[in-house]
Structures are given as structure tokens and as C-alpha cells.
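The residues making up each chain are set out below.
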Amino acid sequence: MLATGAAGGYGTYSNIKGAYNSGTALGAVAAGEGATAVLALVLLGLTMLGQSSPAVVRAGLWALPAAASAMSAVAAPDGPRTVIYAITPLGMSVSAEGMAFLARRIVVHVDGRDTEAEARAASVVQALAYHRARAANHPDKKVRKRSDRASWRLARRVGTADTTLGARLLEVQRERITTGADVALGDMFAITVTPPIPPVSGGRDAVTAAVTPALPPAPEPGVGVEPVTGRRDGEDMQVNDPLTGLEGEGVTPAVTPVTLDQIAAIAGVPTPLIGEPLLDEQIVVVLRHLRYSADPPLSYRQTAAAFRESGFTGGEARIRGAWATLVAQEESPR
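So, here is what we can say about the structure in this document. (Residues numbered from 1 in each chain as written. Predicted model: local features only at pLDDT ≥ 70, side-chain atom pairs only at ≥ 80, totals over all residues. Heavy atoms only, no water.)

**Observations concerning the overall build of the protein chain**
Counting secondary structure elements, the protein chain contains 13 helices and 2 strands. Each of the 334 residues in the protein chain was classed as buried or not, and the buried ones make up 28%. Of the contacts formed within the protein chain by residues at least 6 apart in sequence, a portion of 50% connects residues at least 24 apart. As displayed, the protein chain offers around 22,300 Å² of accessible surface, 62% of which is attributable to carbon and sulfur atoms. (Helix = DSSP H or I, 4+ residues; strand = E, 2+ residues; numbered from the N terminus. Buried < 20%, exposed > 50% of the residue type's maximum accessible area, 1.4 Å probe, protein only. Contact = heavy atoms within 4.5 Å. Areas by Shrake-Rupley, 256 points an atom, 1.4 Å probe, with all protein chains shown as cover.)

Right under this line is the structure:
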């Protein structure tokens, strides 16, 4: 890069010296290539210090060599050499921009920050905030309309050339894609296994014995028990239901279904309500309740459809994330 810049300066000097004297050529090179070299060093130093470059420095890197290019083109004796004379001073601009660009990339790689991109992003966000405020509160309707359009134009530039923002967005998208793929594959390859009924041989009596629950052992001799009322030798006795804890004669044990309030209480979250925004933990509670509301348990598609039909609020991405959490909880040894 230094050699390219030096060659461009020497070429400009020799070209202008052929038309003017050496002093004029030396001054032209100093005003064009020399000033460009100074601006290049300023740009390089600011970049290595992690600071953004002023706009006047970037503009001077091209304005000064352009002036030298025009002066060289005027000094050319004929048409073909006019093009050569005009291109020669641009070598300094290219070398200066190349050094500054390489230095900026080195700083970004070492520090993880791009000061130029951050300065542009800050300028865009500041202008966007100003135009949004003016579009909402300015008393003049025309001014509000112009600011509203300007804010939409600025919105397209938010995050442009921001490598940090791009990396973060990619990480978010990778996480979502991974979760979606896990849920889709789990739903596709989920198999509900029904235990087979062992074959029974021995005729009708054997079949009846296989499907009839075992009776309690026979009472001891001398103690009479009525199988229905549970009375022992004329004494009334209450039968306790081992599942419900109720006392009564002839109570049939029954399994009480777990309610949504109970699942929410176990999870330690407020009870999810229809039509209200839900936390991620509440969505997991609702999905668990809906999944095990049927036998066999519902799949992801069936549970998601039941979630929407029930009137609960939640986007597709949040439902998939909650389902992945639910599946992970079911598969954990705990």
C-alpha cells in the first residue's frame, strides 16, 4: 500500500513537471498526494485508537486526489495521456483507504467493536427518535407527516453493517430453528405404546378370572363379614376411600383429575387465565394440562390446537419453546 501511494505521488510529480517547472510540480504533489497522506495517517491513527473518523477526513481522502487528477489531466499534451495523468493520483487515495480499512478490521477482530458502525448506528437511532417524537407531538400537521415518512426511511438503516447485531440475531434464529426442529421431530416420531393383553387359555372361567379383580382374603373363622356393608358381627363399620379420603358405606374409589389451578400451584406460578398475556412458565402449565386431558396424551399439534381453541394467548414461537421445555421435563430422570 505504501509503495502504491509512493508510486502515485512520483508519477504525478513527473507528469506535471513535464508541463510546468519542478517547483510547481512539487507543490501540486504536496497539495494533492501530501495532504492525502496526512489525512490517511489521521484516519489510521483514529482507527487504531478505536475512534470514529470525522466526515471531513473521509471526504478529503478523495477530494484532494481528485483535484490533483484534474490538474494532471489539464497538463497532459494529448488525449491518451490525459487519461493516464488523471488516473495516476488516485493511487494515493486507494492506498490510504486500504490502510484505514485494514486497520479498522484488525481493531474489530481484536476488540470486538466497530466504532464506525456504532457511530452510524447511534446517529440513525438518534435521528429516528427525534422524527418519531416530532411526528407524534408537533403542532403542524405537515411537519408531522414529513417526520413520519422520514422515520420510516431511517428505520431501514437501523442495524445496517452492524456485525454485533447480526451475530446476535443469528444466535436467536439458530435457537428458534433448533427448538422448532426438536419439536417437529418429537411430534413426528412420537409413538404411543399400548401394553398387549396376554392370551388367556382355559375357557370361560379362565377369562373371567383374568378380567375380575382379586377379592379380599376370606375372613377368619367365627368372624362374619358382609361383603357389601362391611359390618362385622352386627357392628357398623365405615369404609374409607383410599383415593378421596371419604368415609361411607360402599364408596367406589375414583381418580380425581388434576385441575389447572393445582398444576399452576405445583409449578409455583399464577393460574393462567384466558385472554390475558401469559408467562412462559404459565404456557408450559397450560400445555401440560391440555396434553394429559385425554388418554393417550395429545401430540404437539393436538395440544397446540387445543391451546388456541381454549382461548389462551401465546404466539407459535412461544408455544414451541414451552413444548420443548415440557418434553425436556418429561424426559428428565427427576
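Here the narrative resumes, following the displayed structure.
**Regarding the nonpolar core**
Counting 22 residues, the largest nonpolar core has Val286, Leu287 and Phe307 as the members making the most contacts within it. If you list the elements that add at least two residues to this core, you get helix 10 (260–267), helix 11 (280–291), helix 12 (300–309) and helix 13 (316–331). When residues of this core are assigned to their parent elements, the largest contribution, 6 residues, is made by helix 11. Setting aside residues up to four positions removed in sequence, Leu287 forms contacts with Thr303, Phe307, Ile319, Ala322, Trp323 and Leu326. In terms of nonpolar packing, the next biggest core, distinct from the first, is built from 7 residues, Leu39, Leu43, Leu61 and Ala100 among them. (Core = buried A, V, L, I, M, F, W, Y, C linked by side-chain atoms within 4.5 Å.)

**Re the pattern of salt bridges**
For the coordinates displayed, the defined rule picks out 5 salt bridges. Notably, a salt bridge pairs Arg308 with Glu316, separated by 2.1 Å at the nearest N-O pair. Exposure remark for Glu316: the relative accessible area of 34% places this residue in the partly exposed category. Across the salt bridge formed by Glu316 and Arg320, the nearest N and O atoms sit 3.2 Å from each other. Here Arg320 and Glu316 lie together in helix 13, a separation of 4 residues that amounts to about one turn. What makes Arg320 partly exposed here is its relative accessible area of 26%. Each of Arg308, Glu316 and Arg320 takes part in one network of salt bridges that share partners. (Salt bridge = Lys/Arg side-chain N within 4 Å of Asp/Glu carboxyl O.)

**Topic: a positive patch on the surface**
A surface patch of positive charge is lined by Lys141, Lys145, Arg149, Arg153 and Arg156. Checked against the element boundaries, Arg153 lands in helix 7 (residues 141–155). (Patch = residues over 30% accessible without salt bridge, like charges linked within 9 Å, V, L, I, M, F, W, Y side chains within 5 Å. Lys, Arg positive; Asp, Glu negative; His and termini not counted. Charge placed at Lys NZ, Arg CZ, Asp CG, Glu CD.)

**Looking at the packing of helix 3 (residues 55–75) against helix 5 (residues 90–111)**
In a packed pair of helices, the relevant descriptors are the angle between the two axes and the axis-to-axis distance. At a closest axis distance of 8 Å, the pairing of helix 3 and helix 5 adopts a crossing angle of 160 degrees. By the angle between their axes, helix 3 is roughly antiparallel relative to helix 5. Between helix 3 and helix 5 lies a crossing of left-handed hand. Residues Arg58, Leu61, Trp62 and Pro65 of helix 3 pack against Leu90, Ser93, Ala96, Glu97 and Arg104 of helix 5. For the contact of helix 3 with helix 5, a count of residues per class yields 5 nonpolar, 1 polar and 3 charged. (Axes fitted to C-alpha atoms, helices over the stretch in contact; angles between N-to-C directions. Parallel < 35°, antiparallel > 145°, perpendicular 65-115°, else oblique. Left-handed = near helix turned anticlockwise from the far one by under 90°. Nonpolar A, V, L, I, M, F, W, Y, C, P; charged D, E, K, R; others polar.)

**Some thoughts on a nonpolar patch on the surface**
Residues Trp62, Val83, Ile87, Leu90 and Val94 make up a contiguous nonpolar surface patch of roughly 460 Å² in combined accessible area. Among the elements of the structure, helix 4 (79–87) and helix 5 are those that each provide at least two residues to the nonpolar patch. Residue placement: Trp62 occurs in helix 3. Owing to a relative accessible area of 42%, Trp62 belongs among the partly exposed residues under this scheme.

**Overview of the packing of aromatic side chains**
Evaluation of the coordinates by the stated rule reveals 2 aromatic pairs. Judged by centre distance (5.4 Å) and plane angle (65 degrees), the ring pair of Tyr300 and Trp323 falls under edge-to-face. Taken together, the residues span a long stretch of sequence, with Tyr300 in helix 12 and Trp323 in helix 13 at a distance of 23 residues. (Phe/Tyr/Trp six-rings, centres within 6.5 Å; stacked < 30°, edge-to-face > 60°.)

**Digging into the environment of Leu2**
Within the secondary structure, Leu2 is located in helix 1 (residues 2–19). For Leu2, a relative accessible area of 67% translates into the label exposed. Spatially, the C-alpha atom of Leu2 lies 8.5 Å from that of Met92, the residues being 90 residues apart in sequence.

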